[in-house]
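Okay, here's what each chain looks like letter by letter:
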Amino acid sequence: MALYDAVADHPLRIDEVGLTRRERDTSSGFTRVTTEITLRGDGETGRGEDVTYDAAPHDALVDRQPFDLAGEYTVAAFSEALDDVELFPDVDPEQAAARNYRRWGFESAALDLALRQAGESLASALGRTYDPVNFVVSTRLGDPPTVDRIETLLDANPDLAFKLDPTSDWDADLASRATVRIVDLKGQYEGTDVDQSADLDLYRLVADAFPKAVIEDPALTAETDAFVDEVADRVSWDHPITGVDSVESLPFEPRWLNVKPSRFGSVESLLDTIEFARKRDIRLYGGGQFELGVGRQHLHAFASLFYPESPNDVAPGGYNDPEPPDGLPSSPLSPPDDPRGLEW
C-alpha cells in the first residue's frame with residue numbers, strides 16, 4: 001500500500017477551528033512568528049503550525065479567526081476541500097511559498113486529529129515504528145562571522161554536530177573545531193534576507209574544509225556548474241523541493257534531499273515524495289523552519305519514521321534561542337512512550 005493510501009481514508013470530524021499566535025526571538029537575529037492551528041472534534045484535538053515568515057498574515061488571521069471548516073470528512077476529502085478555501089483572506093504573504101506553509105498547518109492538524117479520533121499514531125497508521133532521531137544544530141556565524149556561538153554550544157554539549165550557512169566572508173579557519181555535517185550554500189534563494197550569491201571560491205573553500213559534509217542548494221551558474229558536477233554525490237536540495245515533480249525537475253538525479261514538511265503543503269505530496277525518494281535510494285534528512293510549537297514535534301515524527309540516522313536539522317527549539325538554556329537534550333532524541341496522532 002502506498003504511504004498516503006494508509007491515511008487518506010481515515011474519517012475526520014471537525015467541530016471548530018482555533019488559531020493562536022506564537023512569537024519567539026531567535027539566534028538568527030529576527031523574531032519568529034507562527035500560528036498554531038487547532039482543530040477540535042469528537043472530543044479530540046489536532047494541531048498544526050503555520051510557519052509563514054512575515055508577521056502581518058499571522059496577525060490578520062488570529063484577529064479575525066475567519067475559518068469555518070466544521071464537517072465530516074476523510075483526510076483526503078479535507079485536503080480536497082482546502083482547494084476552495086482562501087487561506088490568506090486578508091493579507092497576502094510576501095513569499096509565494098507561504099501558501100504551502102499555511103496549507104501544511106491545516107493539513108497536519110487534520111491528520112493529527114483524524115489519527116487521534118482513530119486511536120492511532122502516525123507510526124501505527126503506517127505500520128512502522130519510531131526510532132531515536134539524530135539531529136544537528138543549524139546556526140549562522142554572524143556578520144562578520146565568528147565562532148562564538150559554536151563555542152558556546154560546544155561548551156554545553158561537546159558532541160554536537162552542525163549545519164552551517166557559509167557566506168562569502170568566511171575563511172578556512174572558521175568552525176574548524178566543529179563537526180559539520182551539512183553546509184547550506186543558499187544559492188537557490190532569491191529575494192530573502194539569507195540569499196547567498198554564487199561564489200566559486202566559497203564553494204571550493206567549504207568543500208575542502210568539510211570533505212564529508214553534504215553540500216546543500218548550490219547556485220547553478222556557468223561559473224559553478226563544473227564544481228557542482230565534481231561534488232554531485234554530496235549535493236542536496238532543499239529550497240526547490242515541494243513534491244515529486246520538483247525532484248524530477250532537478251538537473252541530475254540527487255543523492256540527498258532535505259525534507260521540510262511545510263514546503264510540500266499537503267500530506268499527500270510529502271508522503272509521495274518520501275516514497276519516491278526511498279524507492280530510488282535517495283538519502284533523506286529532515287529540516288525545519290524555526291517551528292515554535294507542535295510543528296517541531298511533527299518534524300521529529302517524520303524523521304523518526306523515515307530517516308532517523310540522517311543529519312536531521314530538527315534540533316529542539318532551545319537551540320534556536322539567542323541564549324540557549326541549560327540542560328538541552330543531546331542527540332539522538334528518544335521517541336515518546338505512548339504517542340497519539342502526530343505527537344512525538
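Cut-off values and rules
- In every chain, residue numbers begin from 1 and rise along the written sequence.
- Given that the model is predicted, a residue must reach a pLDDT of at least 70 before its local features are reported, and side-chain atom pairs must reach 80 or more before they are shown or counted; all residues, however, enter totals for whole chains, interfaces and linings.
- The side-chain numbers reported here are obtained from all heavy atoms of the structure, hydrogens and water having been left aside.
- Secondary structure elements are taken from DSSP: a helix is a run of H or I of four residues or more, a strand is a run of E of two residues or more, and numbering for both begins at the N terminus.
- As defined in this context, the radius of gyration uses C-alpha atoms, and a globule is described by 2.2 Å times the residue total to the power 0.38.
- Three exposure classes are used, based on accessible area relative to the maximum for each residue type with a 1.4 Å probe and protein chains only: buried under 20%, partly exposed in between, and exposed over 50%.
- For Phe, Tyr and Trp, where Trp contributes only its six-membered ring, two rings pair if their centres lie within 6.5 Å, and the inter-plane angle classes them as stacked under 30 degrees, edge-to-face over 60, or tilted in between.
- Criterion for a charge above a ring: Arg CZ or Lys NZ at most 6 Å from the ring centre, at most 35 degrees from the ring normal.
- The rule for a salt bridge is simple: a side-chain nitrogen of Lys or Arg has to be within 4 Å of a carboxyl oxygen of Asp or Glu.
- To qualify as a nonpolar core, a set must consist of buried Ala, Val, Leu, Ile, Met, Phe, Trp, Tyr and Cys residues joined through side-chain atoms within 4.5 Å.
- Only heavy atoms enter the contact rule, under which two residues are in contact if any of them lie within 4.5 Å.
- Here, any two strands with at least 2 DSSP bridges between them count as paired.
- Angles here are taken between N-to-C directions and fall from 0 to 180 degrees, while the axes themselves are lines fitted to C-alpha atoms, restricted in helices to the stretch in contact.
- Residues enter a patch when their relative accessible area is above 30% and they make no salt bridge; the linking distance is 9 Å between like charges and 5 Å between nonpolar side chains (Val, Leu, Ile, Met, Phe, Trp, Tyr).
- For accessible areas, the Shrake-Rupley method is used with a probe of radius 1.4 Å. Any residue's cover is judged against the shown protein chains and nothing else.
- This count recognises Lys and Arg as positive and Asp and Glu as negative, with His and chain-terminal groups excluded.
- Where a charge lies is defined by one atom per residue type: Lys uses NZ, Arg uses CZ, Asp uses CG and Glu uses CD.

### Here we look at the overall build of the chain
Move 1: Helix and strand content of the chain: twelve helices and twelve strands.
Move 2: Here the C-alpha radius of gyration of the chain, 20 Å, is about what a compact globule of 344 residues would show, namely 20 Å.
Move 3: A principal-axis box enclosing the C-alpha atoms of the chain has dimensions of 60 × 40 × 40 Å.
Move 4: Looking at the chain as a whole, 55% of its 344 residues qualify as buried.

### Thoughts on the packing of aromatic side chains
Move 1: The final tally for this structure, using the stated rule, is ten aromatic pairs.
Move 2: Seen in terms of ring centroids, Y203 and F227 are 5.8 Å apart; in terms of plane orientation they differ by 45°. Their pairing is tilted. Residue Y203 is found in helix α7 (residues 200-209), and its partner F227 is found in helix α8 (residues 225-230); the two are separated by 24 residues along the sequence.
Move 3: Under the relative-accessibility criterion, Y203 is labelled buried at 0%.
Move 4: Judged by relative accessible area, F227 falls into the buried class, the value being 2%.
Move 5: The ring of Y53 has R32 sitting right over it, with the charged end atom 4.0 Å from the ring centre.
Move 6: Seen from the ring of F276, R280 lies directly overhead, with NZ or CZ sitting 3.6 Å from the centre.

### A word on the pattern of salt bridges
Move 1: Taken as a whole, this structure holds 24 salt bridges when the rule is applied.
Move 2: Between D15 and R13 there is a salt bridge, and its shortest N-O distance comes to 3.0 Å.
Move 3: By relative accessible area, D15 is classed as partly exposed at 39%.
Move 4: The partly exposed category is assigned to R13, whose relative accessible area is 35%.
Move 5: Salt bridges sharing common partners tie together R140, K163, D165, D184, K186, E216 and D313.

### Points about the nonpolar core
Move 1: Core analysis: the largest hydrophobic core is formed by 95 residues, its most contacted members being F78 and F106.
Move 2: A total of ten residues in this core trace back to one element, the largest contributor, which is helix α4 (residues 98-117).
Move 3: Contact partners of F106, with chain neighbours within four places excluded, come to V17, L19, I37, L39, F67, L69, F78, L82 and L87.

### Quick look at the pairing of strand β1 (residues 11-14)
Move 1: The side-chain alternation of β1 yields one buried face, formed by L12 and I14, and one unburied face, formed by P11 and R13.
Move 2: With four bridges connecting them, β1 and strand β5 (residues 71-74) associate as antiparallel partners. Across the sheet, the residue bridging to P11 is T74, located in β5.

### A short note on the side chain of N312
Move 1: Mapping N312 onto the fold places it in the segment after α12 (294-306).
Move 2: Classification of N312 by relative accessible area gives buried; the value is 0%.
Move 3: Setting aside anything within four residues of it in sequence, one finds N312 in contact with V133, N134, F135, V136, Y285, G286, A303 and Y307.

### Digging into the sheet that holds strand β8 (residues 179-184)
Within a sheet, adjacent strands bond to each other through the backbone by hydrogen bonds, running parallel or antiparallel.
Move 1: The strand order across the open sheet built from seven strands is β6-β7-β8-β9-β10-β11-β12, with neighbouring strands paired in parallel fashion. A single partner strand is all that each edge strand has here, and the edge strands are β6 (137-139) and β12 (283-286). Each adjacent strand pair in this sheet contributes to an overall mean axis angle of 30°, direction not counted.
Move 2: Summarising the sheet, β6 and strand β7 (residues 161-164) pair through three bridges and their orientation is parallel. When the bridges of β7 are listed, V137 appears paired with F162.
Move 3: Sheet strands touched by helix α6 (residues 148-156): β6 and β7. Its angle to β7, the strand with the most contacts, is close to 160°.

### Side note on the pairing of strand β11 (residues 256-259)
Strand residues, when the strand is regular, have side chains that alternate between the two faces of the sheet.
Move 1: Burial of the side chains of β11 extends over both faces: W256 and N258 are buried on one face and L257 and V259 on the other.
Move 2: Examined bridge by bridge, strand β10 (residues 235-237) and β11 share two bridges and lie parallel to one another. If you follow S236 over to β11, its bridge partner there is W256.
Move 3: Across four bridges, the pairing between β11 and β12 is parallel. Across the sheet, N258 pairs through a bridge with Y285, a residue of β12.

### Here we look at the side chain of N320
Move 1: Relative to the helices and strands, N320 resides in the segment after α12.
Move 2: Those residues in contact with N320, other than ones at most four positions away along the chain, are D25, T26, S27, S138, R149, F290 and R296.

### Things to note about a negative patch on the surface
Move 1: A cluster of acidic side chains, namely D5, D9, E80 and E268, defines a negative patch on the protein surface.
Move 2: With respect to the helices and strands, E80 occurs in helix α3 (residues 75-82).

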